[in-house]
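Residue-level structure breakdown
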4 protein chains.
Amino acid sequence: MNTFGTLFRLTTFGESHGPALGGVIDGMPPGITVDESFIRSELARRKPGQSDLTTARGEDDSVELLSGVFEGVTTGTPIGFIVRNKDHHSADYDNLAQVFRPSHADFTYFMKYGLRDHRGGGRTSARETVCRVVGGAMAKLALKTYGIEVFAYTSQVGEIALEHDYTAYNPALTETNAVRCPDAEKAEAMAALIRQVKADGDTIGGVVTGVIKGLPAGLGEPVFDKFHAHLGAAMLSINAAKGFEIGDGFAMATGRGSALNDLFTTDAQGHIATLTNHSGGVQGGLTNGEDVVFRVAFKPVATLLREQPTVDITGKPAIVKARGRHDPCVVPRAVPIVEAMAAMTALDFLLLQNRYKH
Amino acid sequence: MNTFGTLFRLTTFGESHGPALGGVIDGMPPGITVDESFIRSELARRKPGQSDLTTARGEDDSVELLSGVFEGVTTGTPIGFIVRNKDHHSADYDNLAQVFRPSHADFTYFMKYGLRDHRGGGRTSARETVCRVVGGAMAKLALKTYGIEVFAYTSQVGEIALEHDYTAYNPALTETNAVRCPDAEKAEAMAALIRQVKADGDTIGGVVTGVIKGLPAGLGEPVFDKFHAHLGAAMLSINAAKGFEIGDGFAMATGRGSALNDLFTTDAQGHIATLTNHSGGVQGGLTNGEDVVFRVAFKPVATLLREQPTVDITGKPAIVKARGRHDPCVVPRAVPIVEAMAAMTALDFLLLQNRYKH
Amino acid sequence: MNTFGTLFRLTTFGESHGPALGGVIDGMPPGITVDESFIRSELARRKPGQSDLTTARGEDDSVELLSGVFEGVTTGTPIGFIVRNKDHHSADYDNLAQVFRPSHADFTYFMKYGLRDHRGGGRTSARETVCRVVGGAMAKLALKTYGIEVFAYTSQVGEIALEHDYTAYNPALTETNAVRCPDAEKAEAMAALIRQVKADGDTIGGVVTGVIKGLPAGLGEPVFDKFHAHLGAAMLSINAAKGFEIGDGFAMATGRGSALNDLFTTDAQGHIATLTNHSGGVQGGLTNGEDVVFRVAFKPVATLLREQPTVDITGKPAIVKARGRHDPCVVPRAVPIVEAMAAMTALDFLLLQNRYKH
Amino acid sequence: MNTFGTLFRLTTFGESHGPALGGVIDGMPPGITVDESFIRSELARRKPGQSDLTTARGEDDSVELLSGVFEGVTTGTPIGFIVRNKDHHSADYDNLAQVFRPSHADFTYFMKYGLRDHRGGGRTSARETVCRVVGGAMAKLALKTYGIEVFAYTSQVGEIALEHDYTAYNPALTETNAVRCPDAEKAEAMAALIRQVKADGDTIGGVVTGVIKGLPAGLGEPVFDKFHAHLGAAMLSINAAKGFEIGDGFAMATGRGSALNDLFTTDAQGHIATLTNHSGGVQGGLTNGEDVVFRVAFKPVATLLREQPTVDITGKPAIVKARGRHDPCVVPRAVPIVEAMAAMTALDFLLLQNRYKH
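Numbers given for residues are sequential positions, taken from 1 along each chain in its written order. Written order determines the labels here, with chains lettered from A and ligands numbered from 1. pLDDT decides what is reported in this predicted model: residues at 70 or higher carry local features, side-chain atom pairs at 80 or more are listed and counted, and totals for whole chains, interfaces and linings draw on all residues regardless. To obtain the side-chain values, all non-hydrogen atoms of the structure were included, while hydrogens and water were left out.

1. Notes on the overall build of chain A
Using the following cut-off: Runs of H or I in DSSP of at least four residues are treated as helices and runs of E of at least two as strands, each being numbered from the N terminus. Just to be clear, the radius of gyration here is over C-alpha atoms, and the globule rule we use is 2.2 Å times residues to the power 0.38. Working definition: with a 1.4 Å probe on protein chains only, accessible area under 20% of the residue-type maximum means buried, over 50% means exposed, and in between means partly exposed.
Each helix and strand in chain A was counted, giving 7 helices and 18 strands. Relative to a compact globule of 358 residues, whose C-alpha radius of gyration would be 21 Å, chain A shows 21 Å and is just as compact. Its C-alpha atoms give chain A principal-axis dimensions of about 65 × 50 × 35 Å. Every one of the 358 residues in chain A was classed for burial, and the buried ones make up 69%.

2. Points about the interface of chain D and chain A
Defined as follows: Any pair of residues with heavy atoms lying within 4.5 Å of one another is described as a contacting pair. The term buried area means the drop in 1.4 Å probe accessible area that two parts suffer when joined, counted for both and summed. Salt bridges are counted wherever a side-chain nitrogen of Lys or Arg sits within 4 Å of a carboxyl oxygen of Asp or Glu. In the analysis that follows, any N or O atom pair within 3.5 Å is treated as a polar contact, provided that within protein one partner can donate a hydrogen and the other can accept it, and provided that, for residues neighboring in sequence, both atoms belong to side chains. Residues are grouped as follows: Ala, Val, Leu, Ile, Met, Phe, Trp, Tyr, Cys and Pro are nonpolar; Asp, Glu, Lys and Arg are charged; all remaining types, including Gly, are polar.
Taken together, the contacts link 14 residues of chain D with 14 residues of chain A. Across the interface of chain D and chain A, roughly 1300 Å² is buried in total on both sides, 62% from carbon and sulfur atoms. The three residues of chain D that bury the most area against chain A are Arg 355, Tyr 356 and His 358 of chain D, which together make up 42% of that side's buried surface. Applying the counting criterion to the chain D and chain A interface returns 0 salt bridges. If you look at where chain D meets chain A, you find 5 residue pairs in polar contact (both at pLDDT 80 or more). Across the side of chain D that touches chain A, the residue classes tally to 8 nonpolar, 4 polar and 2 charged.

3. What about the relation of the copies chain A and chain B?
Quick note on the threshold: The least-squares superposition of copies is restricted to C-alpha atoms, and to residues with a pLDDT of at least 70 in both copies.
The transformation that overlays chain A on chain B combines an axial shift of 0.0 Å with a rotation of 180°, and the residual RMSD is 0.0 Å. Here the copies are linked by what is in effect a two-fold axis. Both copies share a contact surface, since 99% of the interface residues of chain A are interface residues in chain B too.

4. Overview of helix H3 (residues 129-144) of chain C
Where we set the bar: One fewer than the residue count of a helix, multiplied by 1.5 Å, yields its expected span.
Taking 1.5 Å of rise per residue, 16 residues should cover 22 Å, and H3 of chain C covers 22 Å from first to last C-alpha, within 8% of that figure. Across the 16 residues of H3 of chain C, 15 count as buried, placing the element largely inside the fold.

5. Concerning the pattern of salt bridges
All names here are of chain A. Per the stated rule, a full pass over the model turns up 84 salt bridges over all chains. With its nearest N and O atoms 2.6 Å apart, the salt bridge here joins Lys 140 to Glu 42. Of this pair, Lys 140 sits in helix H3 (residues 129-144) while Glu 42 sits in helix H1 (residues 36-46), and the two are 98 residues apart along the sequence. With respect to class, Lys 140 is no different from Glu 42; both count as buried. Through salt bridges with shared partners, one network takes in Glu 42, Arg 45, Lys 140, Glu 175, Arg 180 and Glu 339.

6. Description of the relation of the copies chain D and chain A
Least-squares fitting of chain D to chain A yields an RMSD of 0.0 Å, with the superposition described by an axial translation of 0.0 Å and a rotation of 180°. An overlap of 100% is found between the interface residues of chain D and their copies at the interface of chain A, pointing to a shared contact surface.

7. Considerations on the packing of aromatic side chains
The description of two aromatic rings rests on the distance between their centres and on the angle between their planes. Cut-off, in case you're wondering: Between rings of Phe, Tyr and Trp, where Trp is taken as its six-membered ring, a pair exists when centres lie within 6.5 Å; planes separated by under 30 degrees are stacked, by over 60 edge-to-face, and by other angles tilted. Two conditions define a charge located above a ring, namely a distance within 6 Å from the ring centre to NZ of Lys or CZ of Arg, and an angle within 35 degrees of the ring normal.
Summed over all chains, the structure comprises 42 aromatic pairs over all chains. Residues Phe 224 of chain A and Phe 4 of chain B carry aromatic rings whose centres are separated by 5.6 Å and whose planes lie at 50° to one another, so their mutual orientation is tilted. Of this pair, Phe 224 of chain A sits in the loop between strand S10 (206-213) and helix H5 (227-236) while Phe 4 of chain B sits in strand S1 (residues 3-4), placing the two residues on different chains. Side by side, Phe 224 of chain A and Phe 4 of chain B carry an identical accessibility label, which is buried. Taken together, Phe 100, Phe 107 and Phe 110 of chain A together with Phe 264 of chain B form an aromatic cluster joined through their ring pairs. One Lys or Arg, Lys 112 of chain B, reaches over the ring of Tyr 113 of chain B and ends 5.8 Å from the middle of that ring.

8. Brief notes about the pairing of strand S16 (residues 292-298) of chain C
All names here are of chain C. Our working definition: DSSP-based pairing: two strands are paired if at least 2 bridges between them are found.
Counting buried positions over the 7 residues of S16 gives 6, a clear majority of the element. Pairing of strand S10 (residues 206-213) with S16 involves 7 bridges; the strand directions are antiparallel. The residue of S16 that forms the bridge with Gly 206 is Phe 298. Bridge count for strand S11 (residues 241-246) against S16 is 5 bridges, and the pairing is antiparallel. If you follow Ile 246 over to S16, its bridge partner there is Phe 294.

9. A closer look at the side chain of Arg 132 of chain D
Mapped onto the fold, Arg 132 of chain D is located in helix H3 (residues 129-144). Overall, Arg 132 of chain D belongs to the buried group, its relative accessible area being 0%. Among the polar contacts listed, one links the side chain of Arg 132 of chain D to the side chain of Glu 128 of chain D, at a separation of 2.7 Å. Apart from residues no more than four positions distant in its own chain, Arg 132 of chain D is found in contact with Val 223, Phe 224 and Lys 226 of chain C together with Leu 10, Ala 234, Ser 237, Ile 238, Ile 337, Ala 340, Met 341 and Met 344 of chain D.

10. Points about the layout of surface pockets
All names here are of chain D. Definition in use: Grid points spaced at 1 Å over the protein atoms alone were grouped into cavities, where a 1.4 Å probe fits but cannot get out, and pockets, open sets with protein on both sides within 12 Å along at least five of seven lines, with lining residues defined by an atom within 4 Å of a point. Grid points are joined across faces, edges and corners, and a volume is the space filled by probe spheres set on the points.
For the largest pocket, the calculated volume is near 560 Å³. Asp 165, Glu 245, Gly 247, Asp 248 and Arg 295 are the residues nearest the centre of the largest pocket, which is lined by 20 residues in total. When contributions to the lining of the largest pocket are tallied by element, the ones reaching two or more residues are strand S8 (149-157) and strand S16 (292-298). If one sorts the elements of the lining of the largest pocket by residue count, S16 sits on top with 3 residues. Taken together, the residues that form the lining of the largest pocket break down as 9 nonpolar, 6 polar and 5 charged.

11. Remarks on the interface of chain A and chain B
In this complex, chain A contributes 102 residues to the contact, which on the side of chain B involves 101 residues. Carbon and sulfur atoms make up 60% of the area that chain A and chain B hide from each other, which totals about 7900 Å². For the chain A face of the interface with chain B, the top three residues by lost area are Lys 112, Phe 224 and Lys 242 of chain A, together amounting to 11%. Here chain A and chain B share 4 salt bridges between them. Across the salt bridge formed by Lys 112 of chain A and Glu 221 of chain B, the nearest N and O atoms sit 3.0 Å from each other. Put simply, chain A and chain B have 51 residue pairs in polar contact (both at pLDDT 80 or more) between them. Classifying every residue of the side of chain A that touches chain B gives 46 nonpolar, 36 polar and 20 charged. Where strand S11 (residues 241-246) of chain A lies against strand S11 (residues 241-246) of chain B, 3 bridges are found, and the strand directions are antiparallel. Considered in S11 of chain B, the bridge of Gly 243 of chain A is made with Glu 245 of chain B.

12. Section: the nonpolar core
Selection rule: The set of buried Ala, Val, Leu, Ile, Met, Phe, Trp, Tyr and Cys residues whose side-chain atoms join them within 4.5 Å is what this entry labels a nonpolar core.
In this structure, Phe 294 of chain A, Ile 212 and Phe 294 of chain B, Ile 212 and Phe 294 of chain C together with Ile 212 and Phe 294 of chain D are the most contacted members of the largest nonpolar core, which totals 353 residues. Every residue in contact with Phe 294 of chain D, bar those within four places of it in the chain, is listed here: Val 208, Thr 209, Gly 210, Val 211, Ile 212, Leu 231, Met 235, Phe 244, Glu 245, Ile 246, Val 338 and Ala 342 of chain D.

13. Re helix H4 (residues 184-199) of chain B
Residue and element names in this part refer to chain B. Quick note on the threshold: Directions pointing from the helix axis toward each C-beta atom define the arc.
An ideal rise of 1.5 Å per residue puts 22 Å on 16 residues; H4 measures up with 23 Å between its terminal C-alpha atoms. The complete set of buried residues in H4 reads Lys 186, Ala 187, Met 190, Ala 191, Leu 193, Ile 194 and Val 197. Relative to the axis of H4, the buried residues are bounded by an arc of 165° and lie together on one face. Turned more than 90 degrees off the buried face of H4, the exposed positions are Ala 184, Glu 185, Glu 188 and Ala 199. Measuring from the backbone nitrogen of Glu 185 back to the side-chain oxygen at the start of H4 gives 3.1 Å, which picks out Asp 183 as the cap. Positive phi shows up at Gly 201, right after H4, with a value of about 65°.

14. Thoughts on the packing of helix H3 (residues 129-144) of chain B against helix H7 (residues 331-353) of chain B
Residue and element names in this part refer to chain B. Selection criterion: Every angle, taken between N-to-C directions, lies between 0 and 180 degrees, and every axis is a line fitted to C-alpha atoms, over only the stretch in contact when it is a helix. When describing relative orientation, an angle under 35 degrees is termed roughly parallel and one over 145 degrees roughly antiparallel, while 65 to 115 degrees is termed roughly perpendicular and anything else oblique. Should the near helix be turned anticlockwise from the far one by less than a right angle, the crossing is left-handed, and should it be turned clockwise, the crossing is right-handed.
Across the interface, H3 lies against H7 with an axial gap of 7 Å and an inter-helix angle of 50°. Taken together, H3 and H7 sit at an angle that is classed as oblique. As H3 packs across H7, the resulting crossing turns out to be left-handed. For the pair H3 and H7, contact is made by Thr 129, Arg 132, Val 133, Gly 135, Gly 136, Ala 139, Lys 140, Ala 142 and Leu 143 and by Ile 337, Glu 339, Ala 340, Met 341, Ala 343, Met 344, Ala 346, Leu 347 and Leu 350, respectively. By residue class, the composition of the contact of H3 with H7 is 12 nonpolar, 3 polar and 3 charged.

15. Concerning the environment of Phe 294 of chain B
Residues and elements named next belong to chain B. Mapping Phe 294 onto the fold places it in strand S16 (residues 292-298). On the basis of relative accessibility, which here comes to 1%, the residue Phe 294 falls in the buried class. Along the sequence, Phe 294 and Ser 37 sit 257 residues apart, while their C-alpha atoms lie 28 Å from each other.

16. Some thoughts on the sheet that holds strand S3 (residues 20-26) of chain D
The strands that make up a sheet are held in pairs by hydrogen bonds between backbone atoms, and each pair lies either parallel or antiparallel. Reading across the sheet, the 5 strands line up as S1-S2-S3-S7-S4 (chain D) and stay open at both edges, with antiparallel pairing between neighbours. Two strands bound the open sheet, and with one partner strand each, they are strand S1 (3-4) and strand S4 (63-65) of chain D.

17. Concerning the sheet that holds S16 of chain C
Here we have 10 strands laid out as an open sheet, ordered S9(C)-S8(C)-S10(C)-S16(C)-S11(C)-S11(D)-S16(D)-S10(D)-S8(D)-S9(D), and antiparallel in their pairing. What marks the edges here is a single partner per strand, and that holds for strand S9 (160-161) of chain C together with strand S9 (160-161) of chain D. Relative to S9 of chain C, strand S8 (residues 149-157) of chain C runs antiparallel, the two being bridged by 2 bridges. By the bridge assignment, Gln 156 of chain C is partnered in S9 of chain C with Ala 161 of chain C. Sheet contacts for helix H5 (residues 227-236) of chain C: S10, S11 and S16 of chain C together with strand S11 (241-246) of chain D; angle to S11 of chain C, the most-contacted strand, approximately 155°. Of the strands in this sheet, S8 and S9 of chain D touch helix H4 (residues 184-199) of chain D, which is tilted by about 60° from S8 of chain D.

Shown next as structure tokens:
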């Protein structure tokens, strides 16, 4: 369904070309100061038209908070919000009403519901993620009061990948380039690749790396609701995500326990910590107090600005060529979405764990 | 928590060295014939001591069905079941009461609950998966009435990996070797590697590939409960799983849309199908009627039969060496667990989709 | 939390004096024609200022549907909606910021959250029910396609109570008077009583009777999610509701099984039916195909237009006298809310039961 | 489904004449000492055959705890348990396989599932409540660490009702008679009535009053998950329950706000309290720190030890006469069930509220 989370919940609605998208943030802790400029800046990171690497759709994505905040502070009651759609060119999509775009959700929605809103992809549009960013911004504000911080960055576009793990980079540099990669040189190469792909009327995939710092040990719920299982589901729910790994992930398939076990140590303050973090901050499905580190793989955007053969809704051969405004690479704009989903997941598990406080 | 699923739900309990493990299967459709020999055979696939590649713990894992079945047929009421523990050597674990095994859940459970049952890993033991196999066996019986089938196999152990995708192999061959790999030659190489690792007192990781055949198009729930998001969470909840990908997964990060889009075609019967299946049977989070294909990465087992430095529960340095019976590689025995979790996920989404039947 | 339902879900937000209230209807079946004039007429039944028996707050409660409807038909995606607040006199409530009104939620919200939005009662205001009416209207539209109909009426105000059960009255008469009582004579007496109470600066309680016709047998989920258990919770969640009974309810405490058992018969069409309906359409927690009949008790509104002693937020004695606009009797306007909650409950269980359709 | 609760959850299974009933208690706080003799004594209160007022079925209802307890203390992991069935006389029910007992769940289960386990009522038997008592006992043990206590008693059988509210009685007297009524004289009259009804081959209804003492203010979740809405659903899920009221309940329908408002006062310790408790400890759906008081109406047991006309499963007229062992009045044995459901509800809301502890 359209609700994410257990105690901190985001419920969303909205289609790409309808009057508005929006949602309800339920379970926001009371007494949190709502920094509206922060929410705006988070939305600005997601919005289209930021650079020549993204779609030109000029939404400014201003959010209206409708409840749950009184005199600038959260009250604990649900926060309703809407984001109006302003710049939709539904006519660009008229030609799509009768055909199924390859590797898009046109066909599957039609099979599920028996009908669909084809304008701009309707509910399947990545525009839906604007609501996730609002929910994530609120979660980040709450997490901050616990000293918890979330960040993500582009670690791969096509074959161009960062060579080191997150500890080698300064996350403050992520926002200094349009690709959202903290390594300036790699960022330039990635940008060049995206421009090339765009010129070809093609698209390309990539990887986003995410980090959560400051989580206490013990978050997550055995056995089915492990921390990284929920985090994985959160990431895999993002449009175009096709893979998720925690810590060393798939690379651990090739390794030995003697090399990959994270040995314990006791630091100067007497806290038990690990010497390495192959586990990515999660052991037995519960956080261990180390940084949670994960990676999300994104496929190339399915909508191409070139002709592709397909079938129409009666099954007859057809040709489709997108006229809308589409990103050649989803990854730079996926970075704030990854952060949003991680922040909401972390806050939800934190609130769950609080139940044991007597 | 300890419940998996929405309409088809498995709730489990039990520790490795307690009197019994068990669970409740709720939402099983009525009128399904319960083939108890099938359940036993599924349990036999998971049980320890099957070959020299696995732990020697000699549980025979017999399950007792306590409710929900009348005259051999499911009634729609919950199916309670227990699996008694018989062969536990708790004394093997006495030395673990005061120390935290590296990369195991000892530390995180202690931090979550403030205490733990250290015997055999308690609730964190992979023995917990026996209940998943029972739930999965029931789900498979129900799926069969819809013509849906689930299978999985070992596709990688350490660096030894199958070179082709699932369509190149005969799944019937999977059970012909102890590694559960449908390629006999590779299976032998994998087995040799596992034996070598075991001889070293070490462990090794691997990958399981899973396939679901026969699903109708349209399963999955936008936007947070996408089919592959739930499937991913299901897989990541399995002990030692560290990564999940659907279809071409992480490989899609390096590819272009023009190469990876799955073009539609209409088959001889007039059904719309795709010419390729890079998507892994899911588009926009909903099944598209093609085979669902996914891969799960498993880390090497954390428990080593050699000395490792660690800390005790007061934070002081200590040495730990496991005496219990442990697998050098979890992957062969993970195959039936992957199938079980996939079957339960598929049935759950199928029942959900039925809600629209008028 | 602020979500109602399992497969058909309403999530709401909004305070009495904030910018807007609204919600998300998730799980609405696709392909239902949305009759907006019907939604408006349902809202008109709930709105204040309908007669001299209700508060004068002049909201016209117009709803804006923001998603989930395409070309006049539901798409199966979530329906977001908002209802703007227009006529709030927050200044009327300034005197309430520092005191707790007796038998109101001022104190309990403050204890729960540590702060509260005191304007117009904030989230605790009965204005919140406007969103329930929107959700209920959608549910009624979906139920209609199954031939299921819901209605309710005022059966008691103070000591004035209808003497017969619902079969003795024509539900079409309910809307012919401001009290919403299908017995014209009783309605007049009830109205006179409400006017008297209002003149006294006092308030009075009452009872609403609800009926659901056309439900198939077998709805409801054993054992905790019985049909009438969920229906009861739905009703008890309405502001000022203090009691719920199904069928003969509390009167059954005094009766004998030989008199109260509903004997089965077979009608001319071969359908099994009952000769009486003391059970209220539910047996063993599942619907039996007879009309579902229930009653909901409402306490007198807590807000009095006269001085009452109380304490302030520091615990010191204070005097409170409401200046806002408040109903002397909540019952007439509760009728459409009772219908809305019943309709959503019925649709939810109907969709749940569909899961068994093969 | 067969799960109750959100953070503290009981999932149950089992039929009257199957091998065993049982369940899983998930979310039990860690570190609670498990007093097994207390659990046994709670089960003894529910068990049949306690006196000549109840069925003669001689189950001793011994429970086996299978997990979640280590060295006498809860570990936070799920507590699995089973209660074996020993004394079932399935043959007593052979005559019921082909007929529907009036006002029982035979017909509705058959309509829901298309088949049913008719032996002893199968899943619909009140024997299912044995699992609730185990869950409730655990909840009581956890509540005790918070200083919270739950009790209930029989306040009405047929027309014989207690004249005062719970403050007039000593709850310690409840267990001194078989009716579970703290007023010895009334208890005797009630017992005489039950014996008379039993002699007639008939059954009779009654009312149980429940009280929860020591709850902090602020428990409950606006707006749909109000404390008394969940409590009501919990009670209405008990077999034969037909009505629920909180505080003065239905009597408030006839009263005026000026008489029924609970005025605030500040006690000697500076705590804000109310002078009266018409609200029953809940205002605006949240607890206010006063005692929570509620009443549950039970219908007469449907199974009569005399002939009744009915229909068989093909719809043809038939005669049914129960041969099993059945209570003439469910109320005395319902008392511990009411307590169990109240305890689980209270603990669940308490754990939920803890989420805000920073």
